[in-house]
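Architecture and fold: a report
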Amino acid sequence: MHSDGHPAASEPTSSPADGTALASTPVTAPGANPVLDYVHGPVGLRLPDVAAIEPGHFTTAAEAVVAEQRQAVAAILAQADEPSLTNTTIRIDQAKEPAFRLQALMRLFESNLQTEEFGTALAAASQLLVRSRLQLLLDGQLFARLEAVPTSELNPEDKRHHELLIRDFVRTGVRLDDAERTRVAEISAELDRLEKAFSRHLAADTSALAVHFDDAAALAGLPEAAVESAGWRARQDGQDGYALPLLNFTQQPQLAQLHEPASRQRIFEHSIARGCRGGEHDTRQIVSDITALRAELAQLLGFRSFAEYTIDDETADSPDAVGDLLADVLHPARQTFEAEISAIYEQFEPEQIAPADVRYWLQRLQSERYSVDPQQVAAYFELTRVLHDGVFYAAGQLYGVEFRPACDENGEPMRAWHPDVTVYEACENDRAIGLICVDPFARAGKRGGAWMDQLVSPGRLTGELPVISMTMNITRPVAGQPCLLSMDEVRTLFHEFGHVFHGLFSDSTYPDRAGTAVPRDYVEFPSQLNEMWALHPQVLPHYARHVETGEPIPDALVARIREADDVGAGFDTIEYLAAALLDQSWHLLEAGERVDEVLTFETAVLEAAGFSPLVPPRYRTTYFSHIFASGYAAGYYAYLQAEMLAAFATEWFEEHGGLNPEAGDAFRRAVLAPGFSTDPMETFTDFFGQRPDVGPLLRRRGFAPRHDTAT
């Protein structure tokens, strides 16, 4: 890494060039297990042979990796030499690396290729890896040797990595007594099992609650392509009529479009019923067990609550600071929402508005005020053009990187894990710097939402370059029809590529500190920042062209889209804040507190905070996979914390001319490249010259007058 104003992160002081580069000795013979073949690498910008992988390969691979780690730890402890960075810290990294790589491949199958058979095998493999990780991090002898490593002569990056590794041991519980360490290991393994179960049961219940309609008249208001897609989905399920699968959040997108109130209500009822209608896929018992165990774990580790334990490792400092941030935004959001509801009653005089109807009336208000027809807007946002001429164009202008289809050794397009996936090679100065796998369409066996992941994390210690996946759940168009994106989907595409660039531009020595391996309340900052280019006047004209005529999007329509953006901002913010408050409340429970009446607790929390019943949380407890299955426990507030940083950085870019290559290069190298090899908030503050306040965030959300946009 070379960065302005920061110490250069050179090779480790003791230089991995002497043979300490991360590698492992396979226990299983090469070729016997494609999972192990990929894990042991070197990967070298290639993808796993998914077609050759069977469920049992993951269990076998996990067993082999666990055995390797046990052997590696024993070898570290058997050394007679005094502890050093090379023979202790880096060798612990070596011991952990195969599991680190295996877990990345497992996440791909869990998220993009889930089946019942793979789910069972992955859960078993995960239990093996969790127990092995705990065994390493709770090993008192290993920790004593790690603590004895001298650090006075280490360069800043090596010293930080060493200190973070010590912190990992301590936060896991290595300083506890034997009985407490045993209990920590038991809780952690059980939490992993419960989180996997939550994910599986939620996926099954979400699939079962897909909404079927017999008559197309019930779908009046949906675009023709969406109706055709619903018909296709029903036929795929072996049914007549039309099927609307549920996405992961409360407010399904069709609620903004359907004219028939009964159709809206039916979809809404299906959405909020996930995980709480009894039967084998009810998640309420799992929620009770998870939150009670997390509270007990936090107490064992010296914290009053799991929220306190989690936030201690984030940039926000404390649950009180999180509460202050939520409160700072809630008041203006509530005022804005009240004005939105008043405007709906004044404009349309509905008899009543139910929670299932708010999105619909906000859409009507938006259309009435600004004549913004979502179908008209979508005609300018064809998926491939948005990606190539929008996302890639902006990145090329700002960061000097280009993207081209990746080819295999035969010159054919590189194949990934599904025919939907397109693989791109990111290049700089005609040199490949990483692979990006774009998996855009919803399908069976794929969890909802949108996300980025690092299939291979880069690092100078391994010599690997990043291999990144970017996943969305766009409705697949009917064969022969273009894939047109809503404005929200356009923003989501830019958002997820903000994560991609964070991983792609990583310049760190250690893979487990590289790219997006930063605190939860910082990791969303680069992605939310990248959203600024979606409607930016230097980018939008380059890609927003009518799918039939090729005409650029009219300036007048762009102006209306910008003005219409603020309609619903109060609602959107409140539903987010309600979910963030639920998350904090579940994780402020203390050891010994257990909540069995899950929905009663949820209602009490929201009523006590004065949330309107018209605005259910973005995720209700029983389908809040962010916090019960996806690593955001006590951390869902992170999106708002990170958006505060992104809003500040957005205004900085505007002040520096928008798509300014010099500003982009400086930001890339000083802020994106370090990953977690420097302290993120120190890096941010050093680069921008100050810590952000809430003002730019309020302007970004339309709760205060905005600054002029660069042209």
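Residues numbered from 1 in each chain as written. Predicted model: local features only at pLDDT ≥ 70, side-chain atom pairs only at ≥ 80, totals over all residues. Heavy atoms only, no water.

**With respect to the overall build of the protein**
What counts, and what does not: Labels follow the DSSP assignment, with helices taken as runs of H or I lasting at least four residues and strands as runs of E lasting at least two, numbered in each case from the N terminus. Only C-alpha atoms enter the radius of gyration; for comparison, a globular chain is expected to reach 2.2 Å times N to the power 0.38, where N is the number of residues. Note on classification: 1.4 Å probe, protein chains only; a residue is buried when its accessible area is under 20% of the maximum for its type, exposed when over 50%, partly exposed between these limits. Accessible surface area values rest on a Shrake-Rupley calculation with a 1.4 Å probe, where residue burial reflects the displayed protein chains alone. Positive charges come from Lys and Arg alone, negative charges from Asp and Glu alone, with His and the N- and C-terminal ends not counted. Just so you know, the charge point we use is NZ for Lys, CZ for Arg, CG for Asp and CD for Glu.
What the protein contains, in helices and strands, is 26 helices and seven strands. The globule rule puts the C-alpha radius of gyration for 711 residues at 27 Å, and the 25 Å found for the protein is close to it. Its C-alpha atoms put the protein at 80 × 55 × 50 Å along the principal axes. Considering the protein as a whole, with its 711 residues, one finds that 57% of them fall into the buried category. Within the structure as shown, the protein displays about 28,900 Å² of accessible surface, and the carbon and sulfur contribution to it stands at 48%. The protein carries 57 positive and 105 negative side-chain charges, and their two centres are separated by 2 Å.

**Quick look at the nonpolar core**
Definition in use: Residues belong to a common nonpolar core when they are buried Ala, Val, Leu, Ile, Met, Phe, Trp, Tyr or Cys residues joined through side-chain atoms within 4.5 Å.
With 153 residues, the main nonpolar core has Phe381, Leu493, Phe497, Phe501, Phe525, Tyr543 and Phe667 as its most contacted residues. Looking at this core element by element, the count peaks at twelve residues for helix α23 (residues 638–655). In terms of nonpolar packing, the next biggest core, distinct from the first, is built from 36 residues, Phe58, Val66, Trp417 and Val423 among them.

**Let's talk about unusual backbone geometry**
In most cases, non-glycine residues show a negative phi, while peptide bonds are predominantly trans. Notably, glutamate 349 is not glycine yet its phi reads approximately 50°, a positive angle. Assignment of secondary structure puts glutamate 349 in the loop between α12 (319–348) and α13 (358–370). The phi dihedral of asparagine 429 falls on the positive side, at around 55°, and the residue is not glycine. Within the fold, asparagine 429 resides in the loop between β4 (422–428) and β5 (431–441).

**Focus: the pairing of β5**
Along any regular strand the residues' side chains alternate between the sheet's two faces. The condition that has to hold: Strand pairing is assigned whenever DSSP detects at least two bridges linking the two strands.
When you tally the buried positions in β5, you get nine out of eleven residues, the bulk of the element. Bridge count between β4 and β5: seven bridges; the pairing is antiparallel. By the bridge assignment, valine 423 is partnered in β5 with cysteine 437. Connecting β4 to the antiparallel partner β5 that follows it, the hairpin turn spans two residues, and asparagine 429 within it adopts a positive phi of roughly 55°.

**Regarding the packing of aromatic side chains**
Aromatic ring pairs are described here by two measures, namely the spacing of the ring centres and the angle between the planes. Heads up, the condition is: Each aromatic pair joins two rings of Phe, Tyr and Trp (for Trp, the six-membered one) with centres within 6.5 Å, and gets the label stacked for planes under 30 degrees apart, edge-to-face for over 60, and tilted for any other angle. Whether a charge sits over a ring comes down to the Lys NZ or Arg CZ being within 6 Å of the ring centre and within 35 degrees of the ring normal.
Considering all chains together, one arrives at 41 aromatic pairs under this definition. Aromatic pair tyrosine 632 and tyrosine 639: ring centres 5.4 Å apart, planes at 10°, arrangement stacked. Taking the relative accessible area as the measure of exposure, tyrosine 632 reaches 6% and is therefore buried. Taken together, the ring pairs connect Tyr522, Phe525, Trp533, Phe648, Trp652, Phe653, Phe667, Phe684, Phe687 and Phe688 into an aromatic cluster. Positioned above the aromatic ring of tyrosine 309 is the side chain of arginine 171, whose terminal nitrogen or guanidinium carbon lies 3.9 Å from the ring centre.

**Thoughts on the confidence of the model for the protein**
Threshold: Residue-level confidence of the predictor is summarised by pLDDT, bounded by 0 at the bottom and 100 at the top. Only heavy atoms matter for contacts: two residues are in contact if any of them lie within 4.5 Å across the pair.
Per-residue confidence for the protein averages 92 on the pLDDT scale, and 95% of its residues sit at or above 70. The low-confidence segment residues 1–28, where pLDDT is below 50, has 71 contacts with residues more than four positions distant or belonging to other chains.

**Focus: helix α24 (residues 661–672)**
Operational definition: Two N or O atoms form a polar contact when they lie within 3.5 Å of each other; inside protein one atom must be a possible hydrogen donor and the other a possible acceptor, and for residues adjacent in sequence the pair counts only when both atoms belong to side chains.
If you check which residues of α24 are buried, you get Ala663, Gly664, Ala666, Phe667, Arg668, Ala670, Val671 and Leu672. For α24, the capping residue at the N-terminal end is asparagine 660, with a side-chain oxygen 2.9 Å from the backbone nitrogen of glutamate 662.

**What about the pattern of salt bridges?**
The line we're drawing: One side-chain nitrogen of Lys or Arg within 4 Å of one carboxyl oxygen of Asp or Glu is enough to make a salt bridge.
Enumeration over the complete set of coordinates arrives at 43 salt bridges. Close ionic contact of glutamate 464 with arginine 101 constitutes a salt bridge, the shortest N to O distance being 3.2 Å. Taken together, the positions of glutamate 464 in the loop between β6 (451–456) and β7 (467–474) and arginine 101 in helix α3 (residues 85–112) put the pair 363 residues apart, joining distant regions of the chain. Across the pair, exposure class does not vary: glutamate 464 and arginine 101 are buried alike. Aspartate 488 is the partner of arginine 491 in a salt bridge, and the nearest nitrogen-oxygen pair spans 3.7 Å. Of this pair, arginine 491 and aspartate 488 both sit in helix α16 (residues 487–504), three residues apart, which is roughly one turn of the helix. Using a relative accessible area of 55% as the deciding quantity, one classes aspartate 488 as exposed. Within this structure, Asp420, Asp439, Arg443, Lys446 and Arg476 form a network of salt bridges that share partners.

**Notes on the sheet that holds β6**
Basically, it comes down to this: For helices, the fitted axis covers only the stretch in contact; all axes are lines through C-alpha atoms, and the angles between them, taken along N-to-C directions, range from 0 to 180 degrees.
Taken together, the five strands give an open sheet; going across it, the order is β3-β4-β5-β7-β6, and neighbouring strands pair in mixed fashion. Unpaired on one side and paired on the other, β3 (402–405) and β6 mark the two borders of the sheet. Along the sheet, successive strands turn relative to each other by an average axial angle of 30°, direction set aside. Against the sheet, α3 engages β5, β6 and β7, with an angle of about 145° to β6. Those strands touched by helix α15 (residues 383–399) are β3, β4, β5 and β7, and its axis lies near 20° from that of β4.

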